[in-house]
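Residues per chain are reported as follows:
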Amino acid sequence: MTQFHITPPAPVQTALDRLNAAGFEAFVVGGCVRDALRGAEPHDWDCTTNAKPQQICGCFRDFHVIETGLQHGTVTVVIDRMPIEITTYRIDGVYADHRRPDSVTFTDSLTDDLARRDFTVNAMAYHPARGLIDPFHGADDLQCSMIRCVGNPQDRFEEDGLRILRAMRFASVLDFAVDPQTAAAVRRQKALLHHISAERIDTELTKLLCGKAAERVLTEFAEVLFAVLPELEPMYGFDQRNPHHDYDVYTHTLKTVAACPPEPVLRWAALLHDTGKPHVFTEDERGGHFYRHAAVSVEIAERALKAMKCDRKRYDRVLLLVEKHDLVMNGTEKQIKRIVSQIGMDAAEQLLLLHKADVTAQAACHRAERIAESDRLLTVLAALREADACMSLKQLAVSGSDLLAAGVPEGRAVGTMLHRLLDAVIEGSMPNERDALLAYVQEQGDQTGNA
Ligand code: ATP
Ligand code: MG
């Protein structure tokens, strides 16, 4: 792994050159080196240097410099509109609270800076003229797809409990294994996650859920997930005793997660959609049943998402999808139009994608036909979108003011009439045409003596 060459984008090269010209060492470091080495496009480029923060600022006087992380040695320099984080080599002090160092000390040693980083694959530095600096053999671990702590895993997790979840996140996103010693410490020290803020856990868990290997990682480390979301534990191993299901509730859940597009709302909805099942289980001669489980899942999802301090937009959408995930789909165009008119086009599409993932994770015997039916629903929806079919008040050929002008009395009657018109258009009993809709309004008015 010594032959490769990384070409950082021009603004990053400028940053390295500036620091070098002033007599400092400077390297790209961390995630960008990892990603470039495995042939993926880095999404940001961080630099590390022996220049102290004030010296960094001095090198970039003619650029926009953001000094937000100055006490920790981090300065953000904007070059050609690209923000580049430049951090002074540092050693972290004692971690009394298991989440952040009480102090940081600047150092002249790049190796010391790399040693404070979490995993070997994240602890490599690179300079176009000096090549790879890899004292912890991250390149070897990258080659064999392995997440391994730098140093003793037990100590590293003691310092910062979030690393427990970061190990799982990188294993999921990169589809890597976790080295056995690191994995054992992940499990053993999961309680340290209780010291970590909800927002940081949410960030890591969301990335983990959207990773390629989310199903495998959450199977291998289920107990760690339950340490942060105890609401999910009753699903574990819960036998559904139902011919529609080959898997226990937890396994089915993870397969649903994996079958959803890797997008936070969908993957969270998939994770939470069946959480209510173990609480409503009943059994008769036909097998196990989970009547009203969606409503209980919503209550549990509310608690789980609140505990994660998840943002309002994701909270609302995930709950909506969990609530409606079990809607019986007859698959008619009218039904799909009705769903869109109730929850909007984007949510309807997510609901159908979740539905498809859900059936993908059910019993093998009906899987193919159910997936085909789900695909058909998605095609119907796409055609409706393409045709700009009328499914909302906004798209209706008449507006509230048209109705007022036509003599509908001000107040609730306007809204009621608009909804009645929309229903009629969706049911197909009326075309979405201004004249026809106004004629209907007139007719109704004549009947009630309003108009
Ligand atoms: P990505 O940005 O793709 O999520 P990344 O590796 O850049 O991955 P960041 O969270 O942006 O991850 O962190 C940048 C680097 O800082 C990491 O590569 C690692 O070297 C170091 N790092 C980040 N968080 C920690 C931590 N909690 N403990 C130790 N080192 C960390
Ligand atoms: Mg990063």
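So, how was this worked out
- Residues numbered from 1 in each chain as written.
- Chains lettered and ligands numbered in written order.
- Predicted model: local features only at pLDDT ≥ 70, side-chain atom pairs only at ≥ 80, totals over all residues.
- Heavy atoms only, no water.
- Helix = DSSP H or I, 4+ residues; strand = E, 2+ residues; numbered from the N terminus.
- Buried < 20%, exposed > 50% of the residue type's maximum accessible area, 1.4 Å probe, protein only.
- Lys, Arg positive; Asp, Glu negative; His and termini not counted.
- Salt bridge = Lys/Arg side-chain N within 4 Å of Asp/Glu carboxyl O.
- Polar contact = N/O pair within 3.5 Å; in protein donor to acceptor, adjacent residues only side chain to side chain.
- Contact = heavy atoms within 4.5 Å.
- Pairing = 2+ DSSP bridges.
- Domains from an automatic or database assignment.
- Axes fitted to C-alpha atoms, helices over the stretch in contact; angles between N-to-C directions.
- Phe/Tyr/Trp six-rings, centres within 6.5 Å; stacked < 30°, edge-to-face > 60°.
- Lys NZ or Arg CZ within 6 Å of the ring centre and 35° of its normal.
- Near = heavy atom within 4 Å.
- Areas by Shrake-Rupley, 256 points an atom, 1.4 Å probe, with all protein chains shown as cover.
- Nonpolar A, V, L, I, M, F, W, Y, C, P; charged D, E, K, R; others polar.
- Expected span 1.5 Å × (residues − 1).
- Arc of directions from axis to C-beta.

A. Representation of the side chain of Asp358 within the structure. In this fold, Asp358 is placed in helix H18 (residues 345-360). This buried residue, Asp358, is left without a salt bridge; Lys277 holds the nearest opposite charge, at 6.3 Å. A polar contact is formed between the side chain of Asp358 and the side chain of His252, at a distance of 2.9 Å. Once residues within four sequence positions are removed from consideration, Asp358 is found in contact with His252, Thr256, His273 and His325.

B. Summary view of the pairing of strand S3 (residues 64-69). Bridge count for S3 against strand S4 (residues 74-79) is four bridges, and the pairing is antiparallel. Bridging from a neighbouring strand, Gly69 pairs with Thr74 of S4. Joining the antiparallel neighbours S3 and S4 is a turn of four residues, in which Gly73 adopts a positive phi near 85 degrees.

C. The domain arrangement of the chain, seen in detail. Partitioning the chain into domains gives domain 1 (10-144), domain 2 (151-172 + 179-193 + 200-228), domain 3 (232-389) and domain 4 (393-450). Between domain 1 and domain 3, the C-alpha centre-to-centre distance is 43 Å.

D. Here's a closer look at the sheet that holds strand S9 (residues 131-133). In space, the seven strands of this open sheet follow the order S3-S4-S5-S2-S1-S8-S9, with mixed pairing throughout. The open sheet terminates on both sides in strands that have one partner only, identified here as S3 and S9. Sheet twist, expressed as the mean angle between neighbouring strand axes with direction ignored, is 30 degrees. Contacts between helix H1 (residues 10-21) and the sheet are confined to strand S1 (26-29), strand S2 (46-49), S4, strand S5 (82-88) and strand S8 (125-127), with S5 contributing the most and set at about 35 degrees to the helix.

E. Representation of the packing of aromatic side chains. On inspection of all chains with the given rule, the structure shows eight aromatic pairs. Between Phe119 and Phe170, the ring centres sit 6.0 Å apart and the planes meet at 75 degrees, which makes this aromatic pair edge-to-face. One end of the pair, Phe119, is in the loop between helix H4 (110-115) and S8; the other, Phe170, is in helix H7 (residues 162-174), and 51 residues separate them in sequence. Aromatic ring contacts, followed pair by pair, group Phe226, Tyr236 and Tyr250 into a single cluster. A cation over a ring is seen here: Arg169 above Phe170, with NZ or CZ 4.1 Å from the ring centre.

F. A look at the site of ligand 1. Taken together, 14 residues lie near ligand 1, and Arg34, His43, Asp160, Arg163 and Arg169 sit nearest. Between ligand 1 and Arg117, the relevant distance is 3.1 Å, taken from an oxygen atom to a side-chain nitrogen or oxygen of the residue. Within the side chain of Arg169, a nitrogen or oxygen atom sits 2.7 Å from an oxygen atom of ligand 1. Protein contacts shield 79% of the accessible area of ligand 1, which totals 580 Å² for the unbound molecule. At the level of secondary structure, the elements contributing two or more residues to the shell around ligand 1 comprise helix H2 (31-37) and H7. The dominant element in the shell around ligand 1, judged by the number of residues it contributes, is H7, at four residues. Along the lines of polarity and charge, the residues of the shell around ligand 1 split into one nonpolar, four polar and nine charged.

G. Here's a closer look at the pairing of S5. Sheet topology places S2 next to S5; four bridges connect them, and they run parallel. Across the sheet, the residue bridging to Cys47 is Ile86, located in S5. Inspection of the sheet shows S4 paired to S5 by six bridges, in the antiparallel sense. When the sheet's bridge partners are listed, Val77 is paired in S5 with Ile84. Between the antiparallel neighbours S4 and S5 lie two residues, among them Asp80 with a positive phi of about 50 degrees.

H. Spotlight on H1. With twelve residues, H1 should cover 16 Å at 1.5 Å per step; its first-to-last C-alpha distance of 16 Å lies within 8% of that length. Of all the positions in H1, only Pro11, Val12, Ala15, Leu16 and Leu19 are classed as buried. Summarising the axial view, the buried residues of H1 lie within an arc of 145 degrees, below the 170-degree limit, and thus occupy one face. Those residues of H1 that are exposed and aimed more than 90 degrees away from the buried face are Ala10 and Ala21. One or two steps after H1, the chain reaches Gly23, where phi turns positive at roughly 90 degrees.

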